[in-house]
Amino acid sequence: MNNQASAMQQVRPNWRQIGPGIVVAATGVGAGDLVATLIAGSRFGYTLLWAAILGCIVKIALSEGSARYHLATGSTILAGWKSLGRWTGWYFGIYVILWGFLYGATAIALPLAALFPVLPFPIWAILTGLTGFTFVLFNRYETFETVMKIMVGVMFVVMVGLAILVTPDLPDLLSGLTFSLPDGALFYTLGLIGGVGGTVTTAAYGYWVQVKGWKGASWIPLMRIDNAAAYIVTGIFVVAMLIVGAELLYSAGIALQSGEDGLLDLSRILEERFGLVVATVFLIGFAATALSSVFGVWHGMSLFFADWYYHAKGDSDDMSSTREQTPAFRAYLLWLTFPPMALLFADRPFLLVVAYGAFGALFMPFLAITLILLLNSRTVPEPARNGWMANLVLGGSSILFILLAGQQLWQLLH
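No experiment lies behind these values; they were computed from the predicted model shown. The residue count restarts for each chain, going from 1 along the sequence in the order it is written. The predicted nature of this model means local features are confined to residues of pLDDT at least 70 and side-chain atom pairs, given and counted, to a pLDDT of 80 or more, with totals for whole chains, interfaces and linings taken over all residues. Computation of side-chain values: all heavy atoms of the structure, hydrogens and water removed.

**Digging into the overall build of the chain**
Thought 1: Only DSSP runs of H or I reaching four residues or more are called helices, and only runs of E reaching two or more are called strands; each is numbered from the N terminus. From N to C terminus, the chain includes 19 helices and zero strands.
Thought 2: Each residue's exposure class comes from its accessible area (1.4 Å probe, protein chains only) as a fraction of the maximum for that residue type: buried when under 20%, exposed when over 50%, partly exposed otherwise. Burial analysis of the chain (414 residues in total) assigns 55% to the buried set.
Thought 3: Contact criterion: two residues are considered in contact whenever any of their non-hydrogen atoms come within 4.5 Å of each other. Within the chain, contacts between residues separated by at least 24 positions form 86% of all contacts whose residues are at least 6 apart in sequence.

Set out below in structure tokens:
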């Protein structure tokens, strides 16, 4: 046990090594999350600030738990699920195939269609899917991580700069930490907590950690710093969007619409108040946010699917260094890119985003509950098992996501 404990302290934190956390955080904040946060700010001001922050804390726990299992056991989260019963493999296999089809490439098309209206929405979505497919297919993790860091830098500077530009009221901002829930805010509250920072992609963090070359329990302390730093950046980013919604829209009594119309409305408001340059820069930052999410999903979920496929075949050998080069990885890239294009010509593409969000909510209770089971089991070395705080957060997350899944499914059926 002393050897295990000392092994967890061998790798010294080095800021130059940080990267997988930035990837998972950037992937988890997509166009849908950004629009939802803006709408929450425009309707309720700073009242739901606490929910956005709580969402980041919850996702820190989920992604940290997934990566800790990878590092402590030397296997993957899918291997852990398999130990809980064959049903977990069937559940995830069906889920990941349907989820990939629903995800498509709708999100990034919004800012591009607003920036360059010469092409219709479905064409931008198709071009986006092809961009994600080509980039991930011909680049390995090192290049992927570098590009993701650049896009995170762009989106962070643009959105935080915009929040500073609209001049937030500090006392009002701090009042959003009082855990109040105004009438009609339950949907947005659960959405902020559940959506900020990603859904299924939080479990992909362990795969990015492995592809990065981090192996063994000695990397756990650095992984925790990497993960926490990334979600602090995410939290600042989300708070910035809430500030923009509150100061620019809520204070003026302007209700932001969902989807493309809402994005165009905000762009027009920014142009009227600050000029064309600011409005254009906002759309560029929005595009960077959405594109980083697309790249992250294309890469991370293909790693996830490849691991599931080879486990289903009974091949449980360590493939962490070669998984990007497998036929299963490429097959899921194709699945993410081409079949969903048929959905893009629907009359109301944002119904697909709603369906995707509800479907994503079905995974989160599964992830939280299975992490509690796995990280308290004897298959994990004792120093890497859950403490009381981790169990408390994951237990609370399980209840939260069960409520969120039920609420979103109710919205779909009524």
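**Considerations on the packing of helix α6 (residues 86–103) against helix α15 (residues 276–312)**
Thought 1: Running from N to C, α6 and α15 point in directions that differ by 150 degrees, and their axes come no closer than 11 Å. By the angle between their axes, α6 is roughly antiparallel relative to α15. In terms of crossing hand, the pair formed by α6 and α15 is left-handed. Residues Gly89, Phe92, Gly93, Val96, Ile97, Trp99 and Tyr103 of α6 form the contact with α15, whose participating residues are Ser293, Val294, Val297, Trp298, Met301, Phe304, Phe305 and Trp308.
Thought 2: The residue inventory of the contact of α6 with α15, partitioned by class, reads 12 nonpolar, three polar and no charged. Where helices are involved, their axes are fitted lines through C-alpha atoms of the stretch in contact, as for all axes, and angles between N-to-C directions lie from 0 to 180°. Should an angle lie under 35 degrees it is considered roughly parallel, over 145 roughly antiparallel, and from 65 to 115 roughly perpendicular; all remaining angles are considered oblique. Take the far helix as the reference: if the near one is turned anticlockwise from it by less than a right angle, the crossing is left-handed, and if turned clockwise, right-handed. Polar here means any residue other than Ala, Val, Leu, Ile, Met, Phe, Trp, Tyr, Cys and Pro, which are nonpolar, and Asp, Glu, Lys and Arg, which are charged; Gly is therefore polar.

**Observations regarding the packing of helix α2 (residues 20–28) against helix α9 (residues 141–165)**
Thought 1: Two numbers describe how α2 lies on α9: the axes approach to 9 Å, and their chain directions differ by 60 degrees. Regarding the angle of α2 to α9, the classification is oblique. Relative to α9, the crossing made by α2 is left-handed. Contacts between α2 and α9 involve Pro20, Ile22, Val23, Ala26 and Thr27 on the former and, on the latter, Tyr141, Phe144, Glu145, Met148, Lys149 and Val152.
Thought 2: Each residue belonging to the contact of α2 with α9 can be placed in one class, and the counts come to eight nonpolar, one polar and two charged.

**Considerations on the pattern of salt bridges**
Thought 1: In what follows, salt bridge is the name for a side-chain nitrogen of Lys or Arg lying within 4 Å of a carboxyl oxygen of Asp or Glu. This structure, assessed with the given rule, holds five salt bridges.
Thought 2: A salt bridge links Glu64 to Arg224; the shortest N-O distance between them is 2.9 Å. Of the two residues, Glu64 is situated in helix α4 (residues 49–73) and Arg224 in helix α13 (residues 220–250); the sequence distance between them amounts to 160 residues.
Thought 3: For Arg224, a relative accessible area of 35% puts it in the partly exposed group.
Thought 4: Asp307 serves as the salt-bridge partner of Arg323, at 3.9 Å between the closest nitrogen and oxygen. Note that Arg323 is positioned in the loop between α15 and α16 (327–337) and Asp307 in helix α15, a separation of 16 residues in sequence.
Thought 5: Beyond isolated ion pairs, a larger network of salt bridges with shared partners links Glu64, Arg68 and Arg224.

**Topic: the side chain of Ser397**
Thought 1: Along the polypeptide, Ser397 turns up in helix α19 (residues 388–413).
Thought 2: We classify Ser397 as buried; its relative accessible area is 2%.
Thought 3: Ignoring any residue separated from it by four or fewer positions in sequence, one finds Ser397 in contact with Val58 and Ala368.

**Thoughts on a nonpolar patch on the surface**
Thought 1: Without a salt bridge and with relative accessible area above 30%, a residue can belong to a patch; like charges are then joined within 9 Å and nonpolar side chains (Val, Leu, Ile, Met, Phe, Trp, Tyr) within 5 Å. Computed with a 1.4 Å probe, the accessible areas rest on the Shrake-Rupley method; for each residue, only the protein chains presented here act as cover. Where nonpolar side chains cluster on the molecular surface, the patch consists of Val118, Leu119, Ile123, Leu127, Leu130, Leu334 and Phe338 and spans about 560 Å² of accessible area.
Thought 2: Counting residues per element, the nonpolar patch draws most heavily on helix α8 (residues 121–138), at three residues.
Thought 3: The residue Leu119 is located in the loop between α7 (109–115) and α8 in this model.
Thought 4: The exposure class assigned to Leu119 is partly exposed, which follows from its relative accessible area of 32%.

**Section: the nonpolar core**
Thought 1: Side-chain atoms within 4.5 Å link the members of a nonpolar core, which is a set of buried Ala, Val, Leu, Ile, Met, Phe, Trp, Tyr and Cys residues. Ranked by internal contacts, the top residues of the largest apolar core, which has 120 residues, are Trp81, Phe304 and Phe363.
Thought 2: Here Phe304 is in contact with Ile77, Leu78, Trp81, Phe92, Val200, Ala203, Ala204 and Tyr207, once residues within four sequence places are set aside.

**Re the packing of aromatic side chains**
Thought 1: Side-chain rings of Phe, Tyr and Trp (the six-membered ring for Trp) are treated as a pair once their centres are within 6.5 Å; stacked means planes under 30 degrees apart, edge-to-face means over 60, and tilted covers the remaining angles. In total, this model carries 23 aromatic pairs according to the counting rule given.
Thought 2: Judged by centre distance (4.4 Å) and plane angle (10 degrees), the rings of Phe135 and Phe295 are stacked. Here the residue Phe135 occupies a position in helix α8, and Phe295 occupies one in helix α15, the gap between them amounting to 160 residues.
Thought 3: What links up through ring pairs into an aromatic cluster is the set Trp81, Trp87, Tyr91, Phe92, Tyr95, Tyr207, Phe304, Phe363 and Phe366.

**Some points on α15**
Thought 1: Every helix has an expected span of 1.5 Å times one less than the residues it contains. Counted at 1.5 Å a residue, the expected span for α15 with its 37 residues is 54 Å, and the 53 Å between its end C-alpha atoms agrees.
Thought 2: Buried residues dominate α15, accounting for 28 of its 37 residues.
Thought 3: At the exit of α15 stands Gly314, carrying a positive phi of roughly 90 degrees.

**Let's talk about the side chain of Thr326**
Thought 1: Relative to the helices and strands, Thr326 is located in the loop between α15 and α16.
Thought 2: A relative accessible area of 7% means that Thr326 is categorised as buried.
Thought 3: Polar contacts, as used here, are pairs of N or O atoms within 3.5 Å; protein pairs need one atom able to donate a hydrogen and one able to accept it. Residues neighboring in sequence count only if both atoms are side-chain atoms. Of the polar contacts made by the side chain of Thr326, one reaches the backbone oxygen of Arg323; its length is 2.8 Å.

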